[in-house]
Amino acid sequence: MAKPIVLIAEELSPATVEALGPDFDVKIVDGTDRAALLAALPNAKALLVRSATQVDAEAIAAGKVLVVVARAGVGLDNVDIKAATAAGIMVVNAPTSNVISAAELAIGHLLSLARFLPDANESMKAGEWQRSKFTGVEFFDKTVGIVGLGRIGALVAERLAGFGVTLIAYDPFVPPARAQQLGVQMVELSELMKRSDFITIHIPKTPETTGLIGAAQFAHAKPSLRIVNASRGGIIDEGALFDALTSKKIAAAGLDVFVNEPPTDSPLLGLANIQMTPHLGAATDEAQEKAGVAVARSVKLALEGELVPDAVNVAGGVIDPSVRPGLPLMEKLGQVFAGLATHAIAAIDVEVRGEIAHFDVSALKLAALKGVFSAVASEQVSYVNAPLHAEQRGVTVRLVTETKSDEYRNLLTIRGTLVDGTQISVAGTLTGTRQAQKIVSINDFDVEVPMAQHFIVMVYTDRPGIVAVYGKEFGDAKINIAGMQIARQTRGGTALSILTVDSRVPEDVLERVAREIDASMMKAIEVVEL
């Protein structure tokens, strides 16, 4: 029998080919030569790329026998995952290949800011000798704030501990026990901004984290603050950063990532107290080799029909047709669940009740975890690696099944306990011939709301006039309410309102409404297709 063809479309390390082994016919093509790529794809079982090759719907369609597309790196912007999934093609990447390189780059930026290394180097090469001009500061005995204590943030914390610094961090989704293991004190963002001499950012870019650090946060900062973002562009509001640097509200900044890359028109380029690198987080020989070897191993597993740890879709999975429609609903319920959480999650129960419980519904548990952790993790979360995210955070997970469901044909519920003992839950179902997705319960309040992109969930004491108050506030803020439902368990007791709105709600509007109605909970939740 002919060996399966593995097509390598970009330059990868020799270790990548070695990791594939002798069982494949490895062919090389220039992925940027569109005609050559499309001509080579029809007989290929696997395609390995980096960032330059566009694996779009046309390329997917050309891969008549393609089983797996592997991206030797973290990002997947150049791969049409939706088209690949529809075609039954597995997509894999190397989500942990660059974590050490990214952590080390952030520390390099911090050290360079502390000691003016780029400026001193440039001055020396210009024939100058200006020692006093480049008097810096020590790390020792300083406070370093880490925004995001995931895999990269934790590596940064471990490495900085040796400098004799005080480590503080902001991450609402990290249990205190994990932070304690790292020798890090968890604080709110405002406190981190006030106390830190240095700040380094390691969080994903989401609607909630975009512009997380802006003018309001810089107003709390020390004038000596040096801040680094080697995570994702846009987490620091670039306009607010420019103002903070030019007005000397903070001392300096280091950026490896930008809202627009390359940032050719950015006013930040003209500032003396900022240092920039061109998105070098994964730009090391080691990271590139790890990425290539990792995806080579994943390709072998995929072509052998095995479980692939770094798969980002489930095209290769065997899921009963009766169970499959519940996967996207469960992912979205997971995002709602994460949005309801006010503290780190300690335990999650994924409950499946009804006719589909007769089948293997383990994929629904994975879908729930994918939804939950996609909302909080900085790395790509897949159905396969979602349990690892739970394990790393110390979250206990159970799957509970029951073939009977009293009110609905099938009922999917995510129920959990937070580290402070709070219980939260969200339940949903699929209705009608079109399998419409609905939320039918939040924290055991019965509702029936079609799944949407933007929700506001409020909990308050039931009394007259509340709807008029928040209706006016949202109206004044130009927030259009598309749908609304109020649930209560007793008259005059606790009530829950869930609103579907057409756009994101600014944080200051939420805070104002919460004060006006004396809400015990006020949450804006965004749900996206994963």
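Attention in this report is confined to the structure presented alongside it. (Residues numbered from 1 in each chain as written. Predicted model: local features only at pLDDT ≥ 70, side-chain atom pairs only at ≥ 80, totals over all residues. Heavy atoms only, no water.)

A closer look at the overall build of the protein
Of the regular secondary structure elements, the protein holds 17 helices and 22 strands. Its C-alpha atoms give the protein a radius of gyration of 25 Å, within 12% of the compact-globule value 24 Å for 530 residues. Taken along its principal axes, the extent of the C-alpha atoms in the protein is 80 × 70 × 40 Å. Out of the 530 residues belonging to the protein, those deemed buried represent 50%. Long-range pairs, those at least 24 residues apart, make up 64% of the contacts in the protein with a sequence separation of at least 6. When the accessible surface of the protein is totalled, it reaches about 24,300 Å², and 51% of it is carbon and sulfur. Computing the positive centroid from 48 side-chain charges and the negative centroid from 61, the protein places the two 2 Å apart. (Helix = DSSP H or I, 4+ residues; strand = E, 2+ residues; numbered from the N terminus. Rg over C-alpha atoms; globule rule 2.2 N^0.38 Å. Buried < 20%, exposed > 50% of the residue type's maximum accessible area, 1.4 Å probe, protein only. Contact = heavy atoms within 4.5 Å. Areas by Shrake-Rupley, 256 points an atom, 1.4 Å probe, with all protein chains shown as cover. Lys, Arg positive; Asp, Glu negative; His and termini not counted. Charge placed at Lys NZ, Arg CZ, Asp CG, Glu CD.)

Things to note about the environment of Val 6
Within the secondary structure, Val 6 is located in strand E1 (residues 5-8). Using a relative accessible area of 0% as the deciding quantity, one classes Val 6 as buried. As for Val 6 and Ala 452, which are separated by 446 residues in sequence, their C-alpha atoms are 41 Å apart. Sequence-distant contacts of Val 6, defined by excluding residues within four places in its chain, comprise Leu 20, Phe 24, Asp 25, Val 26, Lys 27, Ala 46, Leu 48, Val 299 and Leu 303.

Some details on the environment of Ala 44
Relative to the elements of secondary structure, Ala 44 occurs in strand E3 (residues 44-49). When the C-alpha positions of Ala 44 and Thr 490 are compared, they lie 63 Å apart, and in sequence the two are 446 residues distant.

Regarding the packing of helix H5 (residues 99-115) against helix H7 (residues 151-160)
Running from N to C, H5 and H7 point in directions that differ by 50°, and their axes come no closer than 9 Å. Viewed along their axes, H5 and H7 adopt a mutual orientation that is oblique. Once H5 is placed against H7, the crossing between them reads as right-handed. Here H5 contributes Val 99, Ile 100, Ala 102, Ala 103, Ile 107 and Leu 110 to the contact with H7, which in turn contributes Ile 152, Leu 155, Val 156, Arg 159 and Leu 160. Classifying every residue of the contact of H5 with H7 by side-chain character gives ten nonpolar, no polar and one charged. (Axes fitted to C-alpha atoms, helices over the stretch in contact; angles between N-to-C directions. Parallel < 35°, antiparallel > 145°, perpendicular 65-115°, else oblique. Left-handed = near helix turned anticlockwise from the far one by under 90°. Nonpolar A, V, L, I, M, F, W, Y, C, P; charged D, E, K, R; others polar.)

Focus: a negative patch on the surface
A cluster of acidic residues, Glu 18, Glu 104, Asp 285, Glu 286 and Glu 289, forms a negative patch at the surface. Following the sequence through the fold, Glu 289 ends up in helix H12 (residues 285-303). Look at Glu 289 and you get partly exposed, because its relative accessible area is 40%. (Patch = residues over 30% accessible without salt bridge, like charges linked within 9 Å, V, L, I, M, F, W, Y side chains within 5 Å. Salt bridge = Lys/Arg side-chain N within 4 Å of Asp/Glu carboxyl O.)

Some points on the pattern of salt bridges
Evaluated as defined, the whole model comprises 17 salt bridges. Residue Lys 27 pairs with Asp 25 through a salt bridge whose shortest N-O separation is 3.6 Å. Look at Asp 25 and you get partly exposed, because its relative accessible area is 27%. One salt bridge in this structure joins Asp 349 and Arg 398, with 2.6 Å as the shortest N-O distance. Here the residue Asp 349 occupies a position in strand E13 (residues 345-354), and Arg 398 occupies one in strand E14 (residues 396-402), the gap between them amounting to 49 residues. On the accessibility criterion, Asp 349 (17% relative accessible area) is buried. You can call Arg 398 partly exposed: its relative accessible area is 49%. Because the salt bridges share partners, they merge into one network encompassing Glu 351, Arg 353, Arg 415 and Asp 444.

What to know about the sheet that holds E14
Ordered by their spatial adjacency, six strands build an open sheet running E14-E13-E15-E16-E17-E18, and the pairing between neighbours is mixed. Both outer strands of the open sheet, E14 and strand E18 (445-450), are each paired with one neighbouring strand and no more. Here the average twist between neighbouring strands, direction ignored, is 20°. Note: strand E17 (residues 436-442) against E18, four bridges, orientation antiparallel. Bridging across to E18, Ile 442 finds its partner in Phe 445. In the packing of helix H14 (residues 362-374) onto the sheet, contacts are made with E13, E14 and strand E15 (410-418), and the angle to E13 comes to roughly 140°. (Pairing = 2+ DSSP bridges.)

Some words on the sheet that holds strand E2 (residues 25-28)
The strand order across the open sheet formed by five strands is E2-E1-E3-E4-E5, and the pairing between neighbours is parallel. Two strands bound the open sheet, and with one partner strand each, they are E2 and strand E5 (90-92). Strand after strand, the sheet turns through a mean of 20° between neighbouring axes, direction not considered. Inspection of the sheet shows strand E4 (residues 68-71) paired to E5 by three bridges, in the parallel sense. Within E5, the position partnered with Ala 70 by the bridge is Val 92.

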